[in-house]
Amino acid sequence: MSDPKLTGADILIKALRDEGVEVIFGYPGGAVLPIYDALFKQNDIRHILVRHEQAAVHAAEGYARSTGKVGCVLVTSGPGATNAVTGLTDALMDSIPVVCLTGQVPTHLIGNDAFQEADTTGITRPCTKHNYLIKHVDHLARVVHEAFYVARSGRPGPVVVDIPKDVQFAECAYVEPQVTGHKTYRPQTRPDPVRIDQAVELMATARRAIFYTGGGVINSGPAASALLTKLVRMTGFPCTSTLMGLGAFPASDPQFLGMLGMHGTYEANLAMHGCDVMINVGARFDDRVTGRIADFAPGSKKIHIDIDPSSINKNVAVDVPVVGDCTYVLEAIIELWQARHKRPDQLALKQWWAQIDQWRKKDCLRYEHTDKVIKPQFALERLREAIRGRDHYITTEVGQHQMWAAQFLPFDQPNRWMTSGGLGTMGYGLPAAIGAQVAHPDALVIDVAGEASIQMNIQELATAVQYRLPVKVLIMNNQWMGMVRQWQELLHGSRFSESYSHALPDFVKLAEAYGAVGLRASRVDEVDDVIAEMIETPRMVVVDMRVDQKENCYPMIPGGRPHNEMLLGPAENVDQATPEQGMVLV
Amino acid sequence: MSNMPSAATADAICRHTISVLVDNEPGVLARVIGLFSGRGYNIESLTVAEVDITQSVSRITIVTSGTRMIIEQIKAQLDRLVPVHRVRDLTDEGRFIERELVLVKVAETGEKRIEALRIADIFKARVVDATLSSFVFELTGNGEEVSDFIGLMAQLGLVDVSRTGVVAISRGPGGL
């Protein structure tokens, strides 16, 4: 007897269930109605209705980043798919596993400029890890299984599966997920032992070593974070992290130097500049991190651990490339390090730490506290105290508040920090927080936002309210697109072109209009109470935190400058110091 | 990296012929070409055709140029595309044969027409079409020979050129 036939829509749901999908973030439309009908008739998979398809992808990213699972999105053809493009690009840049199912017009109409038709695979080809257009229902189950495999394997990323409406109605037998490997896509996860040997020997000779860790450690899973922590403590070397890697190594550990890069700490950047051996674990030498490439960590030998061979020698030439999954690589390094009883020169290490402690004394994150106006850094310090000891998930939008959050909030565990690093997508934080809250209904999920960014996906307040998600949005409202204003002040002669947030809504009333709770703090003595009330309120809360309009985010390495030319505060005049060529950089 | 070039040769631009075996699925060529245009790499020539009908596998031959770092990057980027089976740098892996086919149309009378035929003979080009006032020559050779032939024909009534682009294969018994 042959297997019973199912419709394409039912096959899709069955395949998603077999891939472990529990939640889909989506928005219905004409080309996905059969799938929504199939969703209606089952109870295994929960659907979260967003208010814009971009938010569906960000929510799936927040879900994926906070759980380590693949996020799942369902949108319709045409505008549904094109609206998802920003989210897909965001997931590609930050290596977040997402499978996005898009409806498509029936196969016989493809290419005819049909209603709500877009060349979805054409449009999303450069912004996905891979994509598929399913021309026949026979391929549907296999392709969906493959899409999940591709999304989560190797360097994770977004995968689009475009499903024409007639395929959703057509019938065939279901195909179970295959256990055998993929025909062509088999990324290397186990490291080459020769490279492990070279890495261990190089690390053992180091006098001024540093760990530079990134989002790859988070993607590799909690085991990688534990192994990293073990290795850092075993070696006694200092450790810094990229924006995407925060939480992989506990920020409260004395060996942690804070984030590095454009708005990283003084000690992290100078230690990178002065190191003799750099151990890059799952980071990609992004331009926000390296500053001027020619002057990046001069005189250092570099080990680069990455699962993606194309990340190696892309921006910076390295001495020991190690291709593999961080978990396996760190495991192998620790094993060999112990087997050979390695112990780096302790005197040199002591001197290195003495030097780092000198840099730390600069206290580079200090700011001028005042009673007259709420400094954004102060608000985040108070938030840090208020959430200490609680299970919390932090998301951000993009801009000054994002950098301050990275600098001031505590990240002691992986998968607790979700931010748009590579693409820098304003409007990321609220939907990502929704995704994280769906995955962790009882946890404290806070979107640290700016008043400009939050308006890019403000409609998602309705989503949070509909599903009774107690997400907290803490708007650091300085009435400016703060980072734009900062660059204009520092690099464009204070000509504040179009960066003022005119006609701002009353965020408290806005929250109330959506059925959420609105709070406001305008004075320094209100900060603690408002934060406490925000945390204690078991509902969606929006806080309008009125902060200093003129505060800038320091330290800062201006574009095109090396790590050792940081600006520590407003007293330093960037105007004279910034070369013309620096201005053209982003 | 142990095979990283010295500083002196790092910036030298060199030409590489790269063979890529891919699953012959819709969009695979667009993926390869999009990678080159999106990341700003050069394509001097790109050819593609199915080479295994039962397995539905196509072979793409790309001639590109760049610094050593760029060439390595191109190969790594190609290799991580999902439908790519294998990427081989023929230039790096020893001796290989490169061939290109060209069709060249010349329209001229008198002495120039005779000279065109004579040069075609020297290059061992075949006449595949003839009228009283024109020839179409077919020539197979490496890229340089083909370019030389076209260069000469340009002075002898060249009307039209159609080149296939380079296909290549390694010498010796080893396969891709």
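Since the model is a prediction, treat every value here as computed from it, not as a measurement.

A word on the side chain of A:Ser225. Residue and element names in this part refer to chain A. Within the fold, Ser225 resides in helix α10 (residues 222–235). Under the relative-accessibility criterion, Ser225 is labelled buried at 3%. Each residue touching Ser225, except ones within four places of it in the same chain, is listed here: Val217, Ala248 and Pro414.

Inspection of the secondary structure assignment puts A:Thr242 in the loop between β10 (239–241) and β11 (256–259). On the basis of relative accessible area, A:Thr242 is assigned to the buried category, the value being 10%.

Attention now moves to the sheet that holds strand β2 (residues 45–52) of chain B. All names here are of chain B. Spatially, β2-β3-β1-β4 is the arrangement adopted by the four strands of the open sheet, whose pairing is antiparallel. The strands lining the two open edges of the sheet, one partner per strand, are β2 and β4 (84–89). Neighbour-to-neighbour, the strand axes of this sheet turn through a mean angle of 20 degrees, independent of strand direction. Pairing geometry for strand β1 (residues 14–23) and strand β3 (residues 57–66), over ten bridges, is antiparallel. Counted as the bridge partner of Val20 is Ile60 from β3.

What follows covers the interface of chain A and chain B. With 25 residues of chain A at the contact, the number on the chain B side is 17 residues. A buried area of about 1700 Å², summed over both sides, lies between chain A and chain B, and 53% of it is on carbon and sulfur atoms. Remark: the boundary between chain A and chain B carries two salt bridges. Joining chain A to chain B, the criterion identifies seven residue pairs in polar contact (both at pLDDT 80 or more). At the level of secondary structure, the elements contributing two or more residues to the side of chain A that touches chain B comprise β6 (130–133), α6 (137–152) and β14 (320–323) of chain A.

This part is about the domain arrangement of chain B. Residues and elements named next belong to chain B. On domain assignment, one finds that chain B holds domain 1 (7–93) and domain 2 (97–170). Once you take the C-alpha centre of each, domain 1 and domain 2 turn out to be 28 Å apart. At the interface, nine residues of domain 1 touch eight residues of domain 2. Counting the surface lost from both domain 1 and domain 2, the interface buries some 570 Å², and carbon and sulfur atoms represent 51% of this. Counting across the domain 1 and domain 2 interface gives one salt bridge. Measuring nitrogen to oxygen at the nearest pair gives 3.5 Å for the salt bridge that ties Arg15 to Glu98. Linking domain 1 with domain 2 are four residue pairs in polar contact (both at pLDDT 80 or more). For the side of domain 1 that touches domain 2, the secondary-structure elements that each account for two or more residues are β1, β2 and β3. Considering only residue class, the side of domain 1 that touches domain 2 consists of two nonpolar, five polar and two charged.

Attention shifts here to the sheet that holds strand β4 (residues 71–75) of chain A. Residues and elements named next belong to chain A. If you trace the six strands from one edge of the open sheet to the other, you get β3-β2-β4-β5-β7-β6, paired in parallel fashion. Two strands in the sheet have a free side with no partner beyond their single neighbour: β3 (46–49) and β6. Within this sheet the neighbouring strands show an average axis-to-axis angle of 20 degrees, counted without direction. This element, α6, spans β4, β5 (98–104), β6 and β7 (158–164) of the sheet and lies at about 165 degrees to β7.

A few words on the environment of A:Asp44. Residues and elements named next belong to chain A. As for its position among the elements, Asp44 is in the loop between α2 (33–40) and β3. The class of Asp44 is partly exposed, set by a relative accessible area of 48%. When the C-alpha atoms of Asp44 and Lys472 are compared, they prove to be 28 Å apart, with 428 residues separating the residues in sequence. Sequence-distant contacts of Asp44, defined by excluding residues within four places in its chain, comprise Arg17 and Glu22. Separated by 2.8 Å, the side chains of Asp44 and Arg17 make a polar contact.

Turning our eyes to something else, we now look at the packing of aromatic side chains. This model, assessed by the stated rule, comprises 16 aromatic pairs over all chains. Ring centres of A:Phe285 and A:Phe296 lie 5.7 Å apart, and the angle between their planes is 85 degrees; on these two criteria the pair is classed as edge-to-face. Within this pair, whereas A:Phe285 is found in the loop between β12 (277–281) and α12 (287–290), its partner A:Phe296 is found in the loop between α12 and β13 (301–306), the two being separated by eleven residues in sequence. By the burial criterion, A:Phe285 is buried, and A:Phe296 matches it. Both rings, one in A:Trp480 and one in A:Phe496, keep their centres 5.3 Å apart while their planes meet at 65 degrees; by these two values the pair is edge-to-face. One end of the pair, A:Trp480, is in the loop between β18 (472–477) and α19 (482–491); the other, A:Phe496, is in the loop between α19 and α20 (507–513), with 16 residues separating them in the sequence. Grouping aromatic residues by their ring pairs yields a cluster made of B:Phe123, B:Phe135, B:Phe137 and B:Phe149. Lying across the ring of A:Tyr328, A:Arg190 places its NZ or CZ 3.7 Å from the centre. Over the ring of B:Phe135 we find B:Arg113; its NZ or CZ atom is 4.2 Å from the centre of that ring.

Here the focus is the side chain of A:Glu460. Residue and element names in this part refer to chain A. With respect to the secondary-structure elements, Glu460 resides in the loop between β17 (444–450) and α18 (461–466). Among the polar contacts listed, one links the side chain of Glu460 to the side chain of Thr463, at a separation of 2.7 Å. Once you skip the residues sitting within four places of it in the chain, Glu460 turns out to touch Val50, Arg51, His52, Ala55, Leu430, Pro431 and Ile434.

Most often, soluble globular proteins have nonpolar side chains that are buried together. Residues and elements named next belong to chain A. Residues Phe211, Ile303, Leu383 and Met545 are the most contacted members of the largest nonpolar core, which totals 110 residues. Of all the elements, helix α13 (residues 326–339) adds the most residues to this core, at seven residues. With residues near it in sequence (within four places) discarded, Met545 still touches Ile374, Ala379, Leu474, Ile475, Met476, Asn477, Ala521, Val527 and Ile531. Counting 47 residues, the second largest nonpolar core, distinct from the first, contains Val57, Ala84, Val160 and Ala443.

What counts as what
Residues numbered from 1 in each chain as written. Chains lettered and ligands numbered in written order. Predicted model: local features only at pLDDT ≥ 70, side-chain atom pairs only at ≥ 80, totals over all residues. Heavy atoms only, no water. Helix = DSSP H or I, 4+ residues; strand = E, 2+ residues; numbered from the N terminus. Buried < 20%, exposed > 50% of the residue type's maximum accessible area, 1.4 Å probe, protein only. Contact = heavy atoms within 4.5 Å. Pairing = 2+ DSSP bridges. Axes fitted to C-alpha atoms, helices over the stretch in contact; angles between N-to-C directions. Buried area = accessible area lost by both parts, 1.4 Å probe. Salt bridge = Lys/Arg side-chain N within 4 Å of Asp/Glu carboxyl O. Polar contact = N/O pair within 3.5 Å; in protein donor to acceptor, adjacent residues only side chain to side chain. Domains from an automatic or database assignment. Nonpolar A, V, L, I, M, F, W, Y, C, P; charged D, E, K, R; others polar. Phe/Tyr/Trp six-rings, centres within 6.5 Å; stacked < 30°, edge-to-face > 60°. Lys NZ or Arg CZ within 6 Å of the ring centre and 35° of its normal. Core = buried A, V, L, I, M, F, W, Y, C linked by side-chain atoms within 4.5 Å.

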